[in-house]
Amino acid sequence: MTTRSERRAKTLAERIELPPAKTRVLQHAVRLEWLTIAFLVTAVTAMYLALGSSQAMKAAWIEDLLSFLPPIAFLVTNRVRSKEPTRDHPFGFHRSVSVGYLVAAVALLTMGTYLVAESALGLVSADHVPIGLVTVFGYTFWAGWLMIAALTYTLVPPVLLGRAKLTPARELHDKVLYADADMNKADWQTAAAGIVGVLGIGLGLWWLDFVAAIVIGASIGYDGWKNLRTALSDLMDSRASVFDDRTTVHPAVAGIRDAALAERGVGAVQVRVREEGHVFHAEVFVVPSGAALGLGDLDRIRDAVRGVDWKLHHVVVAPVRELPLGNLPPS
Amino acid sequence: MRPRTFLAVAVAVLVAAPGCAAIPVDPEGTLERASGGVLRVGMSEHEPWTALDDGERSGVEVRLIEEFAAGRDADVEWQDGGEESLIEQLHRGELDVVVGGLTEKTPWVDAAALTRPYVVVTGPDGSPEPHVMAARRGENALLVALERFLLEHEAAVADELDGERP
């Protein structure tokens, strides 16, 4: 039996999911996400104040509003995910990451589809968007210039933030952070398309505004679709993949098999690994090579497996008579 | 079309756009056609803004439109009618401007391009009533020209209305 203090130390170690070096990277990522939110507040306000009847500008504004979702999802799940398991939630709260991811993806897909449909309708009905004069600090000029100025402000910072977030996303192997960085990086295209739309109105090319809005809507929808597939694949317990490509198997899967096979007394191994948000849950089935495996041997195998990757949070080692198991395809 | 391709094409179109002299441009060239030609204006009666008496037109907005047209060397072709039918003609492009004591709260906001309010009076229920004119939707050169003209005459209109009050 373990003592109370030993149990406490163990749960604490399990709660802290990251090695110390990674913890610093995480803190950096958290700061970057707060910075993103701060920038978005100024961008959304500036664009709201300049917002006219341009459809492309409206699409770009909605895109910026939706950009709040990934940083918020990241910051919220960052607090929730490492909460200790409770009686009602015996597996802990790691899955909250996938839930946040799913919600953000659905919002993007819905809004993107809506914008494409609304802009296509405007294009078909040949609605000629009016933009008149605006007065700022006593100067009166065409409101389109003010809209272009606001859009220009949102052109560069997201690209810098996106690039800055890529490094921690890679080091933390964090899909939400990566998706966010990826979206930020492409954000200048949204602002540029918005500028093209407003300039189009200025040049009397009324249709260019709707075409630009359709392009923005489609890019929002595509982001949503991409992220929805990843989120659903995680929630469906598909095998663990790398953070930037759903179809590439995470190297830890092969690493676990090799690590277990290298242990004394192990004849054959079968592994299944699923993702629970930021961490992996691994089940390792082992066939003893000779004499039966004792509890001590199983602990030894478990420790060896956990050493493969810091993401291996829950590891269950189960001795079995033969492999492959009936319902499990060979890994 | 990929976003990058779209942007490249769009930028090329904008750069190549002939004579980016004055922005905004009318898609249908209304202001250019009316200048030195005919400005087609729809009017629905609504004193003191517009009035028709034995073929004689008067009212604040009639004077404003005539002065605006004169500044563009244009003759005004008046068309009388109810607000709804005039707005429909405006939307079809059969009229360039519609006047008749319209306010910012007009339900025609999606069918026409409203100017900025050029005067705010107190309505019958004591609430502020910002008055506007309606231009053909999307004809932004015309809209901007009319708004500039109204902006220059804001003070004169306010004085005139004060003088008419008992």
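Residues numbered from 1 in each chain as written. Chains lettered and ligands numbered in written order. Predicted model: local features only at pLDDT ≥ 70, side-chain atom pairs only at ≥ 80, totals over all residues.

**Q** With reference to specific residues and values, describe the overall build of chain B.
**A** A count of helices and strands for chain B gives six helices and nine strands. Burial statistics for chain B: of 166 residues in total, 39% are counted as buried. Restricting to contacts in chain B with at least 6 residues of sequence separation, those with at least 24 account for 68%. (Helix = DSSP H or I, 4+ residues; strand = E, 2+ residues; numbered from the N terminus. Buried ≥ 20, exposed ≤ 12 C-beta atoms within 10 Å, placed from the backbone. Contact = placed C-beta atoms within 7 Å.)

**Q** So what's going on with the domain arrangement of chain A? Residues and values would help.
**A** By a frequent convention, interface size equals the accessible area lost on bringing the separate parts together. Residues and elements named next belong to chain A. Domain boundaries assigned for chain A yield domain 1 (4-236) and domain 2 (246-319). Between the C-alpha centres of domain 1 and domain 2 there is a distance of 37 Å. Across the contact, 17 residues belong to domain 1 and nine residues belong to domain 2. Those elements that provide at least two residues to the side of domain 1 that touches domain 2 are helix 5 (96-124) and helix 10 (206-235). Looking at the side of domain 1 that touches domain 2 element by element, the count peaks at four residues for helix 10. The class makeup of the residues in the side of domain 1 that touches domain 2 is three nonpolar, seven polar and seven charged. (Domains from an automatic or database assignment. Nonpolar A, V, L, I, M, F, W, Y, C, P; charged D, E, K, R; others polar.)

**Q** How would you summarise the sheet that holds strand 6 (residues 279-288) of chain A if you had to cite specific residues and measurements?
**A** Residues and elements named next belong to chain A. Sheet architecture is open: three strands sit in the order 5-6-7, paired in mixed fashion. Taken across any chain shown, the strands that pair with only one partner, and hence form the sheet edges, are strand 5 (266-276) and strand 7 (312-319). Strand after strand, the sheet turns through a mean of 15° between neighbouring axes, direction not considered. Pairing analysis gives seven bridges linking strand 6 to strand 7, with the strands arranged parallel. If you follow Glu-283 over to strand 7, its bridge partner there is Val-316. (Pairing = 2+ DSSP bridges. Axes fitted to C-alpha atoms, helices over the stretch in contact; angles between N-to-C directions.)

**Q** Break down the interface of chain A and chain B for me, with residues and values.
**A** On the side of chain B, 23 residues touch chain A, which itself brings 22 residues to the contact. The element contributing the most residues to the side of chain A that touches chain B is helix 9 (residues 187-202) of chain A, with seven residues. Each residue belonging to the side of chain A that touches chain B can be placed in one class, and the counts come to 14 nonpolar, eight polar and no charged.

**Q** Before we move on, could you go through the sheet that holds strand 5 (residues 97-99) of chain B and cite the residues and values that matter?
**A** Residues and elements named next belong to chain B. Strand order in this open sheet of five strands is 4-1-5-9-6, and the pairing throughout is mixed. Every other strand in the sheet has two partners, leaving strand 4 (75-80) and strand 6 (113-114) as the edge strands with one partner each. Alignment of strand 1 (residues 38-43) against strand 5, held across three bridges, turns out to be parallel. Along strand 5, the bridge assignment pairs Met-43 with Val-99.

**Q** Tell me what's going on with the nonpolar core, and back it up with residues and numbers.
**A** Ile-216 of chain A together with Val-97 and Ala-134 of chain B are the most contacted members of the largest nonpolar core, which has 105 residues in total. Here the element with the most residues in this core is helix 10 of chain A; it accounts for twelve residues. Contact partners of Val-97 of chain B, with chain neighbours within four places excluded, come to Leu-39, Val-41, Ile-65, Met-133, Ala-134, Ala-135 and Leu-146 of chain B. Membership of the second largest hydrophobic core comes to 23 residues, among which are Ala-240, Val-279, Leu-312 and Val-317 of chain A. (Core = buried A, V, L, I, M, F, W, Y, C linked by C-beta atoms within 7 Å.)

**Q** Help me get a handle on the packing of helix 3 (residues 55-66) of chain A against helix 10 of chain A, residues and values and all.
**A** Residue and element names in this part refer to chain A. Packing of helix 3 against helix 10 brings their axes to within 7 Å, and their N-to-C directions diverge by 20°. With respect to their mutual orientation, helix 3 and helix 10 come out roughly parallel. The handedness of the crossing between helix 3 and helix 10 is left-handed. Contacts from Gln-55, Ala-56, Ala-59, Ala-60, Glu-63 and Leu-66 in helix 3 reach Asp-209, Phe-210, Ala-212, Ala-213, Ile-216, Gly-217 and Ile-220 in helix 10. Residues of the contact of helix 3 with helix 10, tallied by class, amount to nine nonpolar, two polar and two charged. (Parallel < 35°, antiparallel > 145°, perpendicular 65-115°, else oblique. Left-handed = near helix turned anticlockwise from the far one by under 90°.)

**Q** Any details on unusual backbone geometry? Residues and values, ideally.
**A** Of note, the amide linkage connecting Glu-47 of chain B to Pro-48 of chain B takes the cis form, showing an omega dihedral of 5°. Structurally, Pro-48 of chain B is set in the loop between strand 1 and strand 2 (51-53). The phi dihedral of His-173 of chain A falls on the positive side, at around 55°, and the residue is not glycine. On the secondary structure map, His-173 of chain A appears in the loop between helix 7 (157-172) and helix 8 (175-185). The buried category is assigned to His-173 of chain A, around which 22 C-beta atoms lie within 10 Å.

**Q** I'd love a proper account of the environment of Asp-234 of chain A, names of residues and values included.
**A** Residue and element names in this part refer to chain A. Position of Asp-234 among the secondary structure elements: in helix 10. Each C-alpha atom, one on Asp-234 and one on Tyr-101, is 9.8 Å from the other, the two residues being 133 residues apart in sequence. Excluding residues that lie within four positions of it along the chain, Asp-234 makes contacts with Ser-98 and Glu-275.

**Q** Hey, could you go over the confidence of the model for chain B for me, with residue numbers and the actual values?
**A** Residues and elements named next belong to chain B. Chain-level statistics for chain B give a pLDDT mean of 86 and a share of 85% at 70 or above. Mean pLDDT across the elements of chain B ranges from a minimum in helix 1 (residues 3-16), with 61, to a maximum in strand 5, with 96. In the predicted complex, the global pTM is 0.81; the interface-specific ipTM is 0.82. (pLDDT = per-residue confidence, 0-100.)

**Q** Please provide a residue-by-residue account of the packing of helix 6 (residues 143-153) of chain A against helix 9 of chain A, values included.
**A** Residues and elements named next belong to chain A. Orientation of helix 6 relative to helix 9, taken along the N-to-C sense of each, is 170°, at an axis distance of 9 Å. Here helix 6 is positioned roughly antiparallel relative to helix 9, judged by the angle of their axes. In this structure, helix 6 uses Gly-144, Met-147, Ile-148, Leu-151 and Thr-152 to contact helix 9, whose residues at the interface are Ala-191, Gly-194, Ile-195, Val-198, Leu-199, Ile-201 and Gly-202. Classifying every residue of the contact of helix 6 with helix 9 by side-chain character gives eight nonpolar, four polar and no charged.

**Q** Explain helix 10 of chain A residue by residue, including any values.
**A** With 30 residues, helix 10 of chain A ought to run about 44 Å at 1.5 Å a step, and its terminal C-alpha atoms sit 44 Å apart, in line with that. Directly after helix 10 of chain A, the chain includes Asp-237 of chain A, whose backbone phi takes a positive value near 55°. (Expected span 1.5 Å × (residues − 1).)

**Q** Could you give me a rundown of the pairing of strand 2 (residues 139-142) of chain A, with the residues and numbers involved?
**A** Residues and elements named next belong to chain A. Relative to strand 2, strand 1 (residues 133-136) runs antiparallel, the two being bridged by four bridges. For Val-136, the partnering residue across the bridge sits in strand 2 and is Tyr-139. Counted between consecutive antiparallel strands, the loop separating strand 1 from strand 2 contains two residues, among which Phe-137 sits at a positive phi close to 50°.

**Q** For the environment of Leu-155 of chain A, give the residues involved together with the corresponding values.
**A** Residues and elements named next belong to chain A. Its location among the elements puts Leu-155 in the loop between helix 6 and helix 7. Take Leu-155: there are 16 C-beta atoms within 10 Å of it, and that puts it in the partly exposed class. Sequence spacing of Leu-155 and Val-44 is 111 residues, and the spatial spacing of their C-alpha atoms is 13 Å. In this view, Leu-155 contacts Trp-188, Ala-191 and Ala-192; residues no more than four positions away in its chain are not counted.

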